[in-house]
Amino acid sequence: MSLTQLRPAPPHDPSPPKSPGRIKLWLYRFDTKSVPYALIAPFFILFGVFGLFPIVFNGVVALRNWRLDDPTLTGWAGFENFTKLAQDEDFWNALGNTFGIFLLSTIPQLLLALLVASILNRKLRAMTWWRIGVLLPYLTPVVASTLVFAVFFSRDYGMANWFLGLVGFGQETPLDWRAAKWSSWLAIATMVNWKWIGYNALLYLSAMQTIPKDVYEAAAVDGAGPWRQLWRITVPMIQPVVVFTVILSTIGGLQLFNEPMMFDENPQSASGGSDHQFQTIAQLIYKVGWKDLNLGYAAAMSWALFLIILIVAGVNALLTKRIGGDR
Amino acid sequence: MERLGKRSVRAIVVAAAATLAITGCSGQSLEGSGDKTDATGEQITLKVAFWGDMGLDKLKAAYEKDHPNVKIVLNSGEYNAQHEDLQKKLVAGNGAADISAVDEGFIVQFRSQADKFVNYLDKGGAEFEPKYLPWKWAQSLSPDGKQIGLGTDVGGLAMCYRSDLFKKAGLPTERDAVSKLWSSWDEFIEVGKTYTAKTGKKFVDSGTNMFNPVLAQQPVGFYNEQDQLQMEGGPKVAFDAAMKAINADISADLASFQPNWDQGFKKDQFAVLACPAWMLGHIQDTAPDQKGKWDIAAIPGGGGNWGGSWWTVPAQGKNTDAAVEFVKWMVQPAQQIEVFKTVGNLPSQPALYKDPAVLDYKKEFMSNAPTGQIFAATAENLKPQYLGKKNGPTRVAVENVIRRVQEGSLKPEAAWAEAIKEAEKASKA
């Protein structure tokens, strides 16, 4: 008797593989060739219905006269709406506001997100708590948080003015945050930053965790401090995610609507302040479409915004790649 | 993926992401109008869209009791949002409520789309014409003679004031004595100066709430009957009054119907408020603890109308006949009086101004003021004003100029020229 003796398994008589029936073969081919497409189709169908169709339809409407308050005025307008756009002060003002708020929000937002992420990437007590915590602003409904901020930045009993008073900038007449461009932009950018820093930080964090530790160790041996490690190792290595967040915040920033809308003293006028000082393009589109009831012109503005976002997002993506040291 | 190459994939991602740009701007989701037919084929649901409180709760119960096959769903929303929603549903072709309230500020916009509404004249509505104030009937009539709305209320103007704050400032508190203080708006501003000097508090809520009632009293508003902008007439008078109030430093500079304004009620930031009849319900809802502290006096400069609504039936509804029946029932005298008692909205049928139920009514919340008498008197003296197609946007544009003066970013001397410029822009938008 020997324990090591292994008995070979009795030779199994393998029945020759049945030649698969036609249906089975067809099913198999369907499975490999078509199912992937079928599975991904819902996205494209939804995109077609809710993405592509509105864009095309918007383009058609942009070339037509369509005024709700004047049903007799219909028909093709050609590029009339677009030429009107080029001379419309309100449009250029809104474009300036949108870019101003966009710069004030996106740049600090992404830089701070990077810092937060690199802090969260260290060993901390109650790590999960912190990581979930930074996401909380993102989970807050934007209308709710904006209403709170609108009170925070209110003229008469606002906390922002109270803080200013505490640090010695109290004024005889309280600062009316909505009255001037700089203060209203700052207030709106603050709301946007508050909401999105945590979200971007978590995206960065997940990318950072894929970076091997030994890269950092090697850098530390060579005498690179944390700051240098952040810029020379972390940022280049999470660059695809950085590009992604830059594009997303470009889109979000250029479409900014809720915050300026709810921040206004008189939101329903959609005028973005008494002198349009913080009226964004999305707000202007809404005003032209549903207040002035000029749907054709509003559609032309939408298309212009679409093209602007396309260009700016593209340029930003290129720039980010350069900064990240891609090539 | 490999074949496409990294670059083009990124380009596609950028493109796809940017398409979110346009699609993100699309409007609200559509809702069904809630028409449900039971297995018996009898059950009808009527959805009624309006804003604030139009006193329909009791009416709904009474009507449903008499008509067991009708179920009424009340949908109260925000004033502007409801009108905008109606407009969107009219464009979409379905989803509108069976019955929609439309306010004076929007009636011109909707009457120019009269073919999208049920024409009451086709449904035997002509019998109502003699019952209404003639101008109320005419306002909802389309240029080609279709009647899209049956009137609910009118907004005859009075001046509400805080008798407790007046007492502290050493001003008279009796409504007749207060009315005598201000026969003109100049006197009104003088009273305001006295009040502000004594108490250190502001008198009116905002410059725009000087502008609007004064404008409402002018024979011609922003637009003449040919729909041409007329800034030098009524608007100039109203604008000057607003500037005077701002220069006198008696305005709290709050934007009406906004959170800061509501807070202003509670913090006694202003002591008077130009109030059409429907404003009483708003005061009552915003500051319920100020019961007995408010009273009503005459408004400087005589009558004037601010607001007031109609019930319309969008033609796209499935049960338009039942909807018309319900509206006809709602505008009957008994129901109109019921609404007046519940929320204070003043009926637009002059016969009711002689009705004892209206004349003898005293509003407990407003220090038992005889609101029936006060508002009935203002309504009969009304000088109706033509509101042009672009009245709403023009008003917003001029109000914004007043706000800029209040914010200090525009000098009062330069304001009128700016107001003309902005109004002209709005009239052409």
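This one's a predicted model, so the numbers in the text were calculated from it and none came from an experiment.

Asker: Break down the overall build of chain A for me, citing the residues and quoting the values.
Answerer: Check the secondary structure of chain A and you find 13 helices and zero strands. Overall, chain A shows an N-to-C arrangement of helices and strands of α-α-α-α-α-α-α-α-α-α-α-α-α. Since a compact globule built from 327 residues should have a radius of gyration of about 20 Å, the 28 Å found for chain A marks it as more spread out than a globular shape. Judged by the C-alpha coordinates and their principal axes, chain A covers about 105 × 60 × 40 Å. Pairs at least 24 apart in sequence give 70% of the contacts found in chain A among residues at least 6 apart.

Asker: Can you tell me about the sheet that holds strand β6 (residues 157-162) of chain B, naming the residues and giving the values?
Answerer: Note: strands within a sheet are paired through backbone hydrogen bonds, in either parallel or antiparallel orientation. All names here are of chain B. Taking strand neighbours across the sheet as the criterion, the three strands line up as β7-β6-β8 in an open arrangement whose pairing is antiparallel. The open sheet is flanked by β7 (272-276) and β8 (294-297), the only strands paired with a single partner. Direction aside, neighbouring strands of the sheet carry axes that sit 35° apart on average. Contacts between helix α16 (residues 371-380) and the sheet are confined to β6 and β8, with β6 contributing the most and set at about 140° to the helix.

Asker: I'd like to hear about the pairing of β8(B), residue by residue, with values.
Answerer: Strand residues, when the strand is regular, have side chains that alternate between the two faces of the sheet. All names here are of chain B. Residues of β8 alternate between two faces, with Trp294 and Ile296 on one and Asp295 and Ala297 on the opposite face, all of them buried. Pairing of β6 with β8 involves four bridges; the strand directions are antiparallel. Of the residues in β8, the one forming a bridge with Cys160 is Ile296.

Asker: Lay out the nonpolar core with the relevant residues and their values.
Answerer: If you look at the biggest cluster of nonpolar residues, it comprises 113 residues, and the most contacted ones within it are Ala158(B), Met159(B), Cys160(B), Ala242(B) and Val327(B). At seven residues, helix α10 (residues 234-247) of chain B tops the list of elements feeding residues into this core. Each of domain 1 (44-154 + 308-348) and domain 2 (157-304 + 364-428) of chain B contributes no fewer than three residues to this core. If near-sequence neighbours (up to four positions away) are discounted, Ala158(B) is found in contact with Cys275(B), Ile296(B), Ala297(B), Ala298(B), Ile299(B), Ile374(B), Phe375(B) and Thr378(B). The next biggest cluster of nonpolar side chains, apart from the first, holds 63 residues, and it includes Ala117(A), Leu120(A), Ile247(A) and Phe278(A).

Asker: Which residues make up the confidence of the model for chain B, and what values go with them?
Answerer: All names here are of chain B. Mean pLDDT over chain B stands at 86; residues scoring 70 or higher make up 90%. In this model, residues 12-40 is a region of pLDDT below 50 whose contacts with residues beyond four sequence positions or in other chains number 57 contacts. Here the predicted complex scores 0.79 on pTM and 0.74 on ipTM.

Asker: Residues and numbers for the packing of helix α4 (residues 127-139) of chain A against helix α7 (residues 181-208) of chain A, please.
Answerer: Residue and element names in this part refer to chain A. Interhelical geometry of α4 versus α7 gives an angle of 140° and a closest axis separation of 6 Å. As judged from the angle between their axes, α4 and α7 are oblique. Handedness of the α4/α7 crossing: left-handed. Residues Arg131, Val134, Leu135, Leu136, Pro137 and Tyr138 of α4 lie in contact with α7, whose contacting residues are Trp194, Lys195, Trp196, Gly198, Tyr199, Ala201 and Leu202.

Asker: Outline the sheet that holds strand β1 (residues 44-51) of chain B, listing residues and values.
Answerer: Residues and elements named next belong to chain B. Strand order in the open sheet made by the five strands is β2-β1-β3-β9-β4, with mixed pairing throughout. This sheet does not close on itself; its edge strands, each paired only once, are β2 (70-77) and β4 (149-151). Ignoring strand direction, the axes of neighbouring strands in this sheet form an average angle of 25°. Note: β1 against β2, eight bridges, orientation parallel. By the bridge assignment for β2, Val48 is matched with Leu74. The sheet strands contacting helix α3 (residues 79-92) are β1, β2 and β3 (99-103), and the helix crosses β1 at an angle near 130°. Of the strands in this sheet, β3, β4 and β9 (309-312) touch helix α4 (residues 104-111), which is tilted by about 115° from β3.

Asker: Before we move on, could you go through the pairing of β9(B) and cite the residues and values that matter?
Answerer: Residues and elements named next belong to chain B. Here β9 shows a buried face lined by Ser309 and Trp311 and a second buried face lined by Trp310 and Thr312. Pairing analysis gives four bridges linking β3 to β9, with the strands arranged antiparallel. Looking at the pairing, Ala101 lines up with Trp311 of β9.

Asker: I'd love a proper account of α16(B), names of residues and values included.
Answerer: Along α16(B), seven of the 10 residues are buried, which leaves the element largely enclosed by surrounding structure. Elements in contact with the buried residues of α16(B): β5 (153-154), β6, α12 (279-286), β8, β10 (346-347) and α15 (356-359) of chain B.

Asker: Let's hear about the domain arrangement of chain B: which residues, and what values?
Answerer: All names here are of chain B. Domain assignment breaks chain B into domain 1 (44-154 + 308-348) and domain 2 (157-304 + 364-428). Distance between the C-alpha centres of domain 1 and domain 2: 28 Å. Elements supplying a minimum of two residues to the side of domain 1 that touches domain 2: α4 and β5. The dominant element in the side of domain 1 that touches domain 2, judged by the number of residues it contributes, is α4, at five residues. Looking at side-chain class alone, the side of domain 1 that touches domain 2 contains six nonpolar, six polar and three charged residues.

Conventions used here
Along each chain, residues carry numbers from 1 onward, in the same order as the chain's sequence is written. The order in which chains are written sets their letters, starting at A; the order in which ligands are written sets their numbers, starting at 1. For a predicted model such as this one, the threshold for reporting local features is a pLDDT of at least 70, and the threshold for listing and counting side-chain atom pairs is 80 or more; totals across whole chains, interfaces and linings nevertheless cover every residue. For the purposes of this entry, the term helix denotes a DSSP run of H or I that reaches at least four residues, the term strand denotes a run of E that reaches at least two, and both are numbered from the N terminus. We take the radius of gyration over the C-alpha atoms and set the globule estimate at 2.2 Å times the residue count to the 0.38 power. Here, residue contact means that the backbone-derived C-beta atoms of the two residues sit within 7 Å. Strands qualify as paired when DSSP identifies two bridges or more between them. To get an axis, fit a line to the C-alpha atoms, keeping to the stretch in contact for a helix; angles then go from 0 to 180 degrees between the N-to-C directions. Comment: burial labels come from other C-beta atoms within 10 Å of the residue's own C-beta, placed from the backbone, where a count of 20 or more is buried, 12 or fewer is exposed, and between is partly exposed. Residues enter a nonpolar core if they are buried, belong to Ala, Val, Leu, Ile, Met, Phe, Trp, Tyr or Cys, and are joined to the set through C-beta atoms within 7 Å. Segmentation into domains, and thus their bounds, comes from an automatic or database assignment. Per residue, pLDDT measures the predictor's confidence, with a range of 0 to 100. Roughly parallel covers angles under 35 degrees, roughly antiparallel covers those over 145, roughly perpendicular covers 65 to 115, and oblique covers all other angles. Rotating anticlockwise by less than a right angle from the far helix to the near helix defines a left-handed crossing, while the corresponding clockwise rotation defines a right-handed one. Only Asp, Glu, Lys and Arg are considered charged, only Ala, Val, Leu, Ile, Met, Phe, Trp, Tyr, Cys and Pro nonpolar, and every remaining residue, Gly among them, polar.

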